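Architecture and fold: a report
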Amino acid sequence: MMRWVIGSVMIAFGGILVWGVMSLPGGDGLTVKVEERMEMSGVTHPVTAVLLNFRGYDTLLEIGVLLLALFGVYSLRRSRPDPTGVSVSHPFLLALTRLLVPVMILMGGYLFWSGAYAPGGAFQAGAVLGAAGVLLYLNGFDLPGRKKEWLLRLYLAIGFVFFLGIGGGLVAAGNRLLEYPPDLAGSLIIIIEAGLTLSIGFILAELYISNSSLEIGPDVFVTEKG
Amino acid sequence: MNVMYLYAVVAVLLFVIGLHGVIAYSHLLRKIVALNIMGSGTFLLLVSIAYGRPEGGPDPVPHAMVLTGIVVAVSATAFGLALVRRLYSETGKPYLPNGDTEKSGR
Amino acid sequence: MNGIVSIPWVAWAVLFPLASAILSFLLGQKRVLWAGIPGVFGTFLSVLLLSSQVWQQGPQRYAIGGWRAPLGIEWHVDGLSIVMLLMTAVSGLFISIYAVGYYSRQSRGHKHSNNLFWPLWLFLWAALNGLFLSADLFNLYVTLELAGIAAVALVTLTGGQVALSAGLRYLLAALLGAMSYLMGVALLYASFGVLDIRMLSALAAPGPAVFISATLMTLGLLIKTALFPLHFWLPPAHANAPAPVSAMLSGLVVKGSFYLMMRLWVEVFPSSLWPIGGQFLGVLAGAAILWGSIMALRQGSLKMTIAYSTVAQIGYLFLFFPLASPRLFIAEGEVSGPGLYAFWGCVYQALSHALAKAAMFMAAGNIMRVLGHDCIGRMDGVNQRLPLTLFAFGLSGVSLMGLPPSGGFVAKWLLLKAALEKEHWGLVLIIVAGGLLASAYVFKVLKHALAQSSQNDLLERVPPTMDIPTLILATLSLLLGFTARPLLSLLTRGSIF
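Residues numbered from 1 in each chain as written. Chains lettered and ligands numbered in written order. Predicted model: local features only at pLDDT ≥ 70, side-chain atom pairs only at ≥ 80, totals over all residues. Heavy atoms only, no water.

1. Section: the overall build of chain A
Applicable threshold: Under the DSSP-based scheme used, a helix requires at least four consecutive residues in state H or I and a strand at least two consecutive residues in state E, with every element numbered from the N terminus. Note on exposure labels: buried denotes an accessible area under 20% of the residue type's maximum, exposed denotes more than 50%, and partly exposed covers the range between, all computed with a 1.4 Å probe on protein chains only. Contacts between residues were defined by any pair of non-hydrogen atoms, one from each residue, lying within 4.5 Å. Per-residue accessibility takes into account occlusion by the displayed protein chains alone, with areas from the Shrake-Rupley method and a 1.4 Å probe.
For chain A, the helix and strand inventory stands at eight helices and zero strands. For chain A, with 226 residues in total, the buried portion stands at 53%. Look at the contacts in chain A between residues 6 or more apart in sequence, and 76% of them connect residues 24 or more apart. Counting only carbon and sulfur atoms, one obtains 71% of the accessible surface of chain A, whose full area is about 9,900 Å².

Next comes the structure, spelled out in structure tokens:
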């Protein structure tokens, strides 16, 4: 009975939404404004210009969200993940990994670089690198830097550090937050994106890898009081 | 312009389907997937808005919004899944415990 | 001195917490406070200096990246923003000191030493500051999500099964709300092509898409602020979190989405929404006050009582909508107009509740540390061991009940004036009833805690870093009644947008 109520409410709601959407005007939005300012942005692709320059603050916070999700997952872990104990061992997977991972790394580099003038950029590259990391993990290889905790933390944080450092450094230098000088904008964006690519790759891989350490293990988990 | 409305309508329907899923299903994985469908609906709407004039390019701002939105959605989903996994390993059930919202937690 | 005035403290109010958050992550468990403490003080000072700038020079607008709206994102600091920022800064400062004491001894058990409290809390603070400053709808979505995920991660930080399920429920509710809000933003952008609130307030015209967007965004923010009946996730989450986390959740995080609702309703949404929508929200608010208070009375656990009290006090906040009006911010350079009392009252309620509720949860944390449980019935004799804490609890209770001279009294008195002005007798009754019910559950706790007990089994001591901030915050919530004039005049400084 409850099902029918919910269902009919949803259908009505859907109808209202469709009616609302049909009444939307078409339009350019902010296309023209972006085109006007593009040469000052340091890149030639409009989406990258918006993401890393015009609305770079959003991107900064977005990396923060990624990091926060990782922090959340980290605090749920019961033990450090040990890839050598991974039991997904299949010769086909290993062969495929050996073929794919170098290509993926290359592709990640290309995607990162091409973001300045074509669709691409740090997030896309980072996603590919993260997938490469997952493939490595599934075969029992450890990611670079995971042996030393501080190095891993550095890799994870470096994108955010570059972004915040450059953005905040500009404030200390008298500009506004994230206000790149137009002649330096292109290079600063590349530096930031390089850091972001590395970090996003590691974060995404770690989000997957941490999953195996969420199960009940030999440690007994004691709840904190208060 | 007509193409935009087709995608927009589909987007909104996806949103409603996702909303229905979150409310109606009690299995946690289904809820999370439904939330993602809601997100996809919103993103699709944003992309369809970006359509713009046929001769000019698309509006880049909604594209940037979608990129940011996807990253946020992925982060939240990853965290949510880890929570579900951990809860499952403690309780053995992929459902939220019932009826404890009005009771004392300790 | 001239140099200090020209520094963009608004930027540092966000940069300090972000920088110290990532640094505290990088430094690892042992040295986390090297970054945490400077970050806390830096943020607090930045907000103070920013407020003196606003006090002297009026509202500020800051184009991030040098790009003005609608292309870029802008920060807008007016009276309302700065009061919210101050609320966060003061509460945040004392909650942080409390947290130092709370986490100063490693928890027992076999947890690998990865306490991420400080990075999470500093990110949360940055998100809240960003939220109160932002003038861009999509940027607000990102700050909402940032705050939400940080909050959930803090709830599940060291908890057991109950905290986990509470946190998961919170996450689902938060995501649902955020998705709904984002859909509203998409519809608004589709209709008007801008994301900046000031430009939208000029451009927005009623239409089907705008009404739907308003509904979606309102519903999303309602679930995030836990207004009855969408409050189901709040009591378990706030009650089962570690004590400093409960303080920041009840005191600060819920105020963020409420602030956003205020802004949107007054600035952006069509004024035709107010007559019906306002009354509807008023009904929900009244139900929240009554239901929350009654449920608080029925709880056996101290933290659950305090959590349900939050549900009730949130109801007071939403009395803004039946009592104020969208014509509030018409005058240039100053907030005035019909519904001013309601505006003042609700903001003051947010302020004093933040301080009082944080103090209450911190007091509950102290009690749990000493007794090992938070069952009210077995709290006899707590006063003998924790006199400062109980005194702080009492002071916070005074503010919640609305007794003079506390900040809570000022808030409720202003709301009563607003309700009487509009001849809204039902609300007058509810406001008074809410105060009476609050006194009922506060006295219930005090009755047990003040009772004499012959037992003397001290479980643990409570370090002064936990005791004293509790007392300070509670005293501040009391003193808030005396600072009404300057604060309210700061509040009216500058039209909203």
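2. Concerning the packing of aromatic side chains
Residues and elements named next belong to chain C. Put simply, the test is: Under the pairing criterion, centres of Phe, Tyr and Trp rings, with the six-membered ring standing for Trp, must be within 6.5 Å; the plane angle then separates stacked pairs below 30 degrees from edge-to-face pairs above 60, leaving the rest tilted. When the NZ atom of lysine or the CZ atom of arginine is within 6 Å of a ring's centre and also within 35 degrees of its normal, the charge is said to sit over that ring.
In this structure the tally under the stated criterion is 30 aromatic pairs over all chains. Of the aromatic side chains, those joined through ring pairs into one cluster are Phe258, Trp265, Phe269, Trp274, Phe318, Phe320, Phe321 and Phe343. The ring of Trp34 carries Arg31 above its face, with NZ or CZ at 5.9 Å from the centroid. Above the face of the Tyr316 ring, Lys412 is positioned so that its terminal group lies 4.6 Å from the ring centre.

3. So, helix α18 (residues 407-421) of chain C
In an α-helix, one turn spans 3.6 residues; hence positions three or four apart end up facing the same way. Residues and elements named next belong to chain C. Condition: Under the convention used throughout, the expected extent of a helix is 1.5 Å for every residue step, that is, one less than its residue count.
In this model α18 runs 21 Å from its N-terminal to its C-terminal C-alpha over 15 residues, within 8% of the 21 Å that 1.5 Å per residue would give. Buried residues of α18: Gly407, Gly408, Val410, Ala411, Lys412, Leu414, Leu415, Ala418 and Ala419, and no others. Where α18 terminates, the next one or two residues include Glu423, which has phi positive at roughly 55°.

4. Concerning the environment of Ile314 of chain C
Residues and elements named next belong to chain C. Looking at the element boundaries, Ile314 is found in helix α13 (residues 302-317). Expressed as a C-alpha distance, the spacing of Ile314 and His353, which sit 39 residues apart in the sequence, is 8.9 Å. Once residues lying within four places of it in the same chain are set aside, the contact partners of Ile314 are Thr225, Ala226, Leu234 and Val254.

5. Section: the confidence of the model for chain C
Residue and element names in this part refer to chain C. The condition that has to hold: Across the chain, each position has a pLDDT score giving the predictor's confidence in that residue, from 0 to 100.
Per-residue confidence for chain C gives a mean pLDDT of 87; residues scoring 70 or more make up 92%. Across chain C, the secondary-structure element scoring lowest on mean pLDDT is helix α1 (residues 2-6), at 61, and the one scoring highest is helix α6 (residues 137-155), at 96. Residue range residues 106-113 is modelled with pLDDT below 50. Its contacts to residues more than four positions away, or to other chains, number 16 contacts. Here the predicted complex carries an ipTM of 0.92, next to a pTM of 0.93.

6. Concerning the interface of chain A and chain C
Spelled out, the test is: Two parts placed together each lose some accessible area; with a 1.4 Å probe, that loss summed over both constitutes the buried area. Within this document, salt bridges are pairs made up of a side-chain nitrogen of Lys or Arg and a carboxyl oxygen of Asp or Glu, the two lying within 4 Å of each other. Pairs of N or O atoms within 3.5 Å make up the polar contacts considered here, provided that, within protein, one atom can donate a hydrogen while the other can accept it, and that residues adjacent in sequence are counted only when both atoms are side-chain atoms. By the convention adopted, Pro, Cys, Tyr, Trp, Phe, Met, Ile, Leu, Val and Ala count as nonpolar, Lys, Arg, Asp and Glu as charged, and the other residues, Gly among them, as polar.
Listed per partner, the contact involves 60 residues of chain A and 67 residues of chain C. A buried area of about 5,600 Å², summed over both sides, lies between chain A and chain C, and 72% of it is on carbon and sulfur atoms. Viewed at the interface, chain C and chain A are joined by one salt bridge. The tally of links between chain A and chain C comes to six residue pairs in polar contact (both at pLDDT 80 or more). Where the side of chain A that touches chain C is concerned, the elements lending two or more residues are α1 (2-22), α2 (31-37), α3 (46-54), α4 (56-76) and α7 (149-172) of chain A. The dominant element in the side of chain A that touches chain C, judged by the number of residues it contributes, is α4 of chain A, at 15 residues. Of the residues in the side of chain A that touches chain C, the class split is 34 nonpolar, 12 polar and 14 charged.

7. Quick notes on the pairing of strand β2 (residues 74-77) of chain C
Residues and elements named next belong to chain C. As a reminder, the rule being used: Two strands are counted as paired when DSSP detects at least two bridges linking them.
Side chains of β2 alternate between two faces, with Glu74 and His76 and Trp75 and Val77 buried alike. Where strand β1 (residues 60-63) lies against β2, four bridges are found, and the strand directions are antiparallel. In the strand pairing of β2, Arg61 is matched with His76.

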